[in-house]
Amino acid sequence: MNLVRAVFYGPIELRAGWRLLIFFVFFIIASLVVVMLSSPLGGHLNTVESRRIVATLASLIPLLVAGACMAKLEGRRMADYGLPWRQALVKQFWQGVILGFPTNTALVAALHLAGVLSFTEGVPQSPLIWLYAIGYALFFVAAALLEEFSCRGYLLFTLTTGMGFWPAAVLSSMLFGALHRANPGETLFGCFSAAVFGFLFCVMLRRTGNLWMPTGFHAAYNWGEAFFFGTPDSGQLAPQRFLTAHFDGPQWLTGGSAGPEGSYLCVAIVALVTIGFAFWRREVKFPDAAALRPSPTALLAAPAG
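The text that follows walks through the structure, step by step, so that each part is easy to find. (Residues numbered from 1 in each chain as written. Predicted model: local features only at pLDDT ≥ 70, side-chain atom pairs only at ≥ 80, totals over all residues. Heavy atoms only, no water.)

**Digging into unusual backbone geometry**
No. 1: Cis geometry marks the peptide bond from F286 to P287; its omega dihedral reads 0 degrees.
No. 2: A positive phi angle, close to 55 degrees, is found at L89, a residue other than glycine.
No. 3: Assignment of secondary structure puts L89 in the loop between α3 (48–74) and α4 (91–113).
No. 4: Although it is not a glycine, S234 adopts a positive phi angle of roughly 50 degrees.
No. 5: Mapped onto the fold, S234 is located in the loop between α9 (212–228) and β2 (241–247).
No. 6: Judged by its relative accessible area of 5%, S234 is buried. (Helix = DSSP H or I, 4+ residues; strand = E, 2+ residues; numbered from the N terminus. Buried < 20%, exposed > 50% of the residue type's maximum accessible area, 1.4 Å probe, protein only.)

Take a look at the structure:
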């Protein structure tokens, strides 16, 4: 009995690895349900945008369902995993937006001044462009929330309970970078750059207490990169865009097929933003100390004795 307890339980609850496994099972089950419910839509998805929207929602919804199930089992709240719904899309989200778009603009401006990036008009140039601007903004908010909660939500919190925040932050950032390798056109250095972004988002979570500022930053950065400036976003070019970027220079500077994210300048700028943010926001707010100790009545709490 003591051996079984030692294998499955830590001092206060089920070990982190087992909880992550249960979370993954919930995610798979919820994903299968969503796929079955959404399968009739398949024949009507005739555009790249519609397929990406459905794919994003088909991943985001099961992810949130799995998180809610684990919160119930662990005697915690979604806020403990970085998603306090009462703070959704308010002050900290917009602070992230205000930081994210200028960061992307600074990178694009640096590439332009270096003489390796120029612009032509995007598609379409008509009143429809405003509808696309709004549509892409909504899409990138959903996509950012998906990526933030998948790599820095339940996963990061649970790894933190097992190994501490900073080792968990490094590990989740490496995973975030590795996941980008599946994108067409992504490069190895682009994956490394994505991992550097991931660490910035971990620092934001650490100092703000939730994922809304990273989500705002992430969404605004990607919106600027893909739609406004029309550059490849992790190797993917948006079909509709305000401008279209053209590159002419060495891959280490332009980013090559990955886009500006694969540029050495991107890593330098994001590193500076990370350092600046760490000096700006110094109070540690994540994880909440109370959340690290679940209720003794939680279903996954360690048995007495």
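**Regarding the nonpolar core**
No. 1: Judged by nonpolar contacts, the single largest core of 33 residues is most densely connected at M70, Y81, L83, F149 and Y154.
No. 2: Those elements that provide at least two residues to this core are α2 (16–38), α3, α5 (128–152), α6 (154–163), α7 (165–179) and α8 (188–208).
No. 3: With 7 residues, the single largest contributor to this core is α3.
No. 4: When residues no more than four places from it in sequence are discounted, the contact partners of L83 are L64, M78, L145, F149, L211 and W212.
No. 5: Of all hydrophobic cores here, the second largest spans 25 residues; its members include M204, A245, C266 and F277. (Core = buried A, V, L, I, M, F, W, Y, C linked by side-chain atoms within 4.5 Å. Contact = heavy atoms within 4.5 Å.)

**What to know about the environment of L128**
No. 1: Assignment of secondary structure puts L128 in helix α5.
No. 2: Take L128: its relative accessible area is 44%, and that puts it in the partly exposed class.
No. 3: Distance in space between the C-alpha atoms of L128 and I53 is 19 Å, their sequence separation being 75 residues.

**What to know about the packing of α5 against α9**
No. 1: Between α5 and α9, the least distance of the axes is 8 Å, while the angle of their chain directions is 135 degrees. Between α5 and α9, the interaxial angle falls into the category oblique. The interaxial crossing formed by α5 with α9 has right-handed handedness. Here α5 contributes I129, Y132, A133, Y136, A137, F140, V141, A144, L145, E147 and E148 to the contact with α9, which in turn contributes W212, P214, T215, H218, A219, N222, W223, A226 and F227.
No. 2: Its residues assigned to classes, the contact of α5 with α9 shows 15 nonpolar, 3 polar and 2 charged. (Axes fitted to C-alpha atoms, helices over the stretch in contact; angles between N-to-C directions. Parallel < 35°, antiparallel > 145°, perpendicular 65-115°, else oblique. Left-handed = near helix turned anticlockwise from the far one by under 90°. Nonpolar A, V, L, I, M, F, W, Y, C, P; charged D, E, K, R; others polar.)

**Here we look at α4**
In an α-helix there are 3.6 residues to a turn, and that puts residues three or four apart on one side.
No. 1: Compared with the 33 Å implied by 1.5 Å per residue over 23 residues, the 33 Å span of α4 between its first and last C-alpha is a close match.
No. 2: Taken as a whole, α4 has its buried residues at Q92, F93, G96, G100, T103, N104, L107, V108 and L111.
No. 3: Phi turns positive, to about 80 degrees, at G115, one or two residues after α4. (Expected span 1.5 Å × (residues − 1).)

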